[in-house]
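Take a look at the letters that make up each chain.
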Amino acid sequence: MKPIRIIIILVCLLIPIVVRTLWFYQGVYNPAMISTPDYASLNFKEPKLSTPVPEEPIKASIKPIVVFDMSHTNSFLFSEIDSFTRALNNLGAQIEISDYNLTLGDQLKTASAYVVILPTSFFTTSEMDAVIQFVERGGRLLVIADPTRDVYSDYISGTSTNAVDVLNLLTKSFDISFSNDYVYNLEINESNFRNVIYTQFGKSDIVKGLSQLVLYSAQSILTGQNPIVIGDKNTLSSLTDQGGSLILAATGAKDKVLAIGDMTFMTNPYIQVADNQHFMVNIAKFLVTGVKTHDLVDFPRVFNRNVTLLTNEKIPMDSKFLGLLSSVQDGLNLLNIKVQISDKPIEGNDLLVVGTYNIIDDLKPYTDTFGLKFDIKKTEEPSVDEMALETPTPEIPPTETLVPEATGKPEPTRTPEETVVEEFSKGSVTVAGFGKLPIKGVGLILYTPGTDQNILVLLADSVSSLQELSGYISSGSLSGCTVQGQIAVCQTTPVEETPTAYPSGY
Amino acid sequence: MEESSKSRSSGWKIWVVIILLPLIAGILLSLLVPRPILGVIYFGDDINATTAKDLIAQLSYARDTPDVRGVVIILDSPGGTVTDTESVYMELNRLRETKPIVTMVEGMAASGAFYMSVGTDYVFAKPSSMVGNIGVIGYLPDPPFVMENIYSTGPYKMWGSPRDTYVREIEMLKQGFLQAVLLGRGNRLKTTQDVILRGQIWPGADGLRLGLIDELGAQSQAYDKAASLAKISHYRIENLRNLAGLPEPQPLPFYGKANEGVTAHYPTEPGLYYLYIPFMEDQP
């Protein structure tokens, strides 16, 4: 066969194949360069760990009481803040949890600080008033929000409450409010955009010594007060996706209120990150170092320091008076207040003055401000009380300082000490607001709060009546007394009657 | 006359032999040249162990079958588990070495599904399709505790790892996701990392502006694009599920392990997810 014919045959044979091939296939797939992530190079980012903060117990003269609110459906477990409560304990604080059986006002009477974390049921008006008054008198208030757990839903009623709403009602008086947001930072964070690292701090002891703080999901705070933890320009609010100096912690009410937008930072393991532990200890110090001014309504928690129980040489140190001292000491010890008995005020201590009306002149430095006017008629006869109950106490010899000089009047039925204690069964005292009161069977409790010293005066017609007044300290309230301002007028058992060791209201 | 007539007849026969028969033979032989197939994968589920296994079977079939010259994935998924998403992503990249893959986003390609899409050559979407949601969700396990009747040999034997580790792992996976997007989209990406790492989900039109997809279009355009990349025409479109002999998918609740018959709309087990799951009231 001629070659040309072979070629023609081959061409004819291939043409359909080529045509069909070209009909379907116009070329060869040219794959793009395929790159995949270098998964092996990815690793965990570990946070900078906190340097343990050395424990420095604060030498507070009185164990400060820190009350934690657990009465408002708070969205946290007490065990979660174990590190924080331990820090408070290390600083000498006594921790109490709010009690449903007491009003908030009553609980705060004894407290130095009040901590409210994530409440999701509203405070009543009286509770809010109590908190405001508490802060006004120098009590420290810590309020904490947290966007990760601020909503409480009641499945039965189908309603839900936001902790921010509850907190904002409480803190509005202090010009502080929480935004219903969370803050985030996509640029610099601790492993997640919502775990924001803060390096800008305001002026406050609470942030003293901090260089880096990590808050694990925080709500921003709106305040015209003192911001102490501030976000950078890349820290943004979820509400607006805008940032710029967002505030995450602030103090208000002359640094007596601290608001923080995150609780997680003080829980484990986050407490160990950066300077979080340091911040937490500073907060604990803030809570225990507040000096609260008291009113008589706080009785008997009217002292900020240890107490000097001031004796007077004109009151004999007999068994009855020793009983009085013991009663006062026991009552104050129950409040963790140490009592020193002295005939002179001791610097740095608060003062408790006990006295009978007969030595009112000696007590003038402590009673003058109350404008009391006494009209006292001295009786020469020993009272029934003295006659019936007071017996010589030979086992306790009178000391030179305690035994005042004899008056020179013959008192054949009394010991020399007893002669000094004159009973005033007649006479009256005019108390502003109360008018004229008989001194017989009436005890007065006078309170003078001060920056450096609080003074409490117990006045009565006899040592027995003073003992009754001291019973109010043990009983924990002035129930049975009429209180007006810083004066309480209490009924005591008249000396003719059988005295009782306890006040009528006990 | 007769001779010339014979020679004409013999010449005609020769041409029949050397032209017509070879042509017929050629035509018959050309039928052996297969019509190219454009494999289509319809994926309208979340990415979990079952659906990922199905997907991988279809991708493997496409890779192993020469007639399948390209693949189009019709995607409508909120993403799913991390590992299953990565499995599919790696299979896609392997297939791309030999055959082009085009994604057509129908309803959404969110999170893990978007992760899948960046492992393909070209992405179409509808103007209202939802794309993006780049990031990770972690459902943390309970804090470790011990029980009276169950003993284990270490504090994390039962819990896997500390809760905090999950948080850090989330960040690590996010970086992997980001790398996948950056490498997959390359210079087609018209936005910054900051923007895409916000986890936002965008409509297709915005996705196009940001460079998360390549084009707005219809499924037919996706087929054409796949054919164009594969350099084929007059192709046949086949459902790879049918070709691979896989049964019709059974809708299984991914999120809910159906405790007591209740299907949850969120993952009920601790774990990490490339998942778009808008918050619902019944989530923990």
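All values reported here derive from a predicted model rather than from experimental measurement.

*Asks:* How should the overall build of chain B be read in this particular structure?
*Replies:* For chain B, the helix and strand inventory stands at nine helices and eleven strands. Against the compact-globule benchmark of 19 Å for 284 residues, chain B has a radius of gyration of 27 Å, which places it well outside the compact range. Its C-alpha atoms put chain B at 115 × 45 × 30 Å along the principal axes. When burial is assessed residue by residue, chain B has 39% of its 284 residues classed as buried. A separation of at least 24 residues holds for 75% of the contacts in chain B among residues at least 6 apart in sequence.

*Asks:* I'm lost on the packing of helix α2 (residues 82-90) of chain A against helix α6 (residues 276-288) of chain A in this one. Help?
*Replies:* Angle between the axes and distance between the axes are the two parameters that describe a pair of packed helices. Residue and element names in this part refer to chain A. Running from amino to carboxyl end, α2 crosses α6 at an angle of 50 degrees, the nearest separation of the two axes being 9 Å. As summarised for this structure, α2 and α6 are arranged oblique, according to the angle between their axes. Judged by the twist between their axes, the crossing of α2 over α6 is right-handed. For the pair formed by α2 and α6, the contact residues are Ser83, Phe84, Ala87 and Leu88 on the first element and Met280, Val281, Ala284, Leu287 and Val288 on the second. Counted by class, the contact of α2 with α6 contains eight nonpolar, one polar and no charged residues.

*Asks:* Would you mind showing me how to read unusual backbone geometry here?
*Replies:* Only a minority of non-glycine residues have a phi that is not negative, and only a minority of peptide bonds are not trans. Omega for the peptide link from Asn268 of chain A to Pro269 of chain A comes to 0 degrees, which places this bond in the cis form. For Pro269 of chain A, the position within the fold is in the loop between β16 (257-260) and α6. One non-glycine residue, Lys231 of chain B, adopts positive backbone phi at about 60 degrees. Mapping Lys231 of chain B onto the fold places it in the loop between α8 (219-230) and β10 (236-239).

*Asks:* Would you take a moment to explain the packing of helix α7 (residues 319-334) of chain A against helix α11 (residues 463-475) of chain A for this structure?
*Replies:* Residues and elements named next belong to chain A. Two numbers describe how α7 lies on α11: the axes approach to 8 Å, and their chain directions differ by 10 degrees. What the angle tells us is that α7 and α11 run roughly parallel. Judged by residue contacts, Lys320, Phe321, Gly323, Leu324, Ser327, Val328, Asp330, Gly331, Leu332 and Leu334 of α7 engage Val463, Ser464, Leu466, Gln467, Ser470, Gly471, Ile473 and Ser474 from α11. Split by residue class, the contact of α7 with α11 holds eight nonpolar, eight polar and two charged.

*Asks:* What should I look at first to understand the nonpolar core in this one?
*Replies:* As a rule of thumb, nonpolar side chains are buried together in soluble globular proteins. Residue and element names in this part refer to chain A. One finds Val66, Tyr114, Leu248 and Ala284 to be the most contacted residues of the largest nonpolar core, which totals 80 residues. With seven residues, α6 is the single largest residue contributor to this core. In this structure, Val66 is in contact with Leu88, Ala93, Ile95, Ala111, Ser112, Ala113, Val115, Leu287 and Val288, ignoring residues within four places of it in sequence.

*Asks:* Looking at this model, I keep getting lost on the interface of chain A and chain B. Mind explaining?
*Replies:* The interface of chain A with chain B comprises 34 residues on the first partner and 39 residues on the second. Grouping the amino acids of the side of chain A that touches chain B by side-chain chemistry returns 22 nonpolar, eight polar and four charged.

*Asks:* Can you help me understand the confidence of the model for chain B in this one?
*Replies:* Parts of the prediction with low pLDDT should not have their coordinates interpreted in detail. Residue and element names in this part refer to chain B. For chain B, per-residue confidence averages 88 on the pLDDT scale, and residues scoring 70 or more make up 90% of the total. Strand β5 (residues 122-125) holds the highest mean pLDDT among the elements of chain B, 98, whereas helix α1 (residues 2-30) holds the lowest, 80. As a predicted assembly, this complex carries a pTM of 0.76 together with an ipTM value of 0.86.

*Asks:* I'm lost on the confidence of the model for chain A in this one. Help?
*Replies:* All names here are of chain A. Averaged over every residue, the pLDDT of chain A is 82; residues scoring 70 or more account for 83%. Of all the helices and strands in chain A, helix α10 (residues 416-420) carries the lowest mean pLDDT, 42, while β16 carries the highest, 97. Throughout residues 497-506 the model reports pLDDT below 50, and contacts reaching past four residues in sequence, or to other chains, amount to 21 contacts.

Conventions we followed
Residues numbered from 1 in each chain as written. Chains lettered and ligands numbered in written order. Predicted model: local features only at pLDDT ≥ 70, side-chain atom pairs only at ≥ 80, totals over all residues. Helix = DSSP H or I, 4+ residues; strand = E, 2+ residues; numbered from the N terminus. Rg over C-alpha atoms; globule rule 2.2 N^0.38 Å. Buried ≥ 20, exposed ≤ 12 C-beta atoms within 10 Å, placed from the backbone. Contact = placed C-beta atoms within 7 Å. Axes fitted to C-alpha atoms, helices over the stretch in contact; angles between N-to-C directions. Parallel < 35°, antiparallel > 145°, perpendicular 65-115°, else oblique. Left-handed = near helix turned anticlockwise from the far one by under 90°. Nonpolar A, V, L, I, M, F, W, Y, C, P; charged D, E, K, R; others polar. Core = buried A, V, L, I, M, F, W, Y, C linked by C-beta atoms within 7 Å. pLDDT = per-residue confidence, 0-100.

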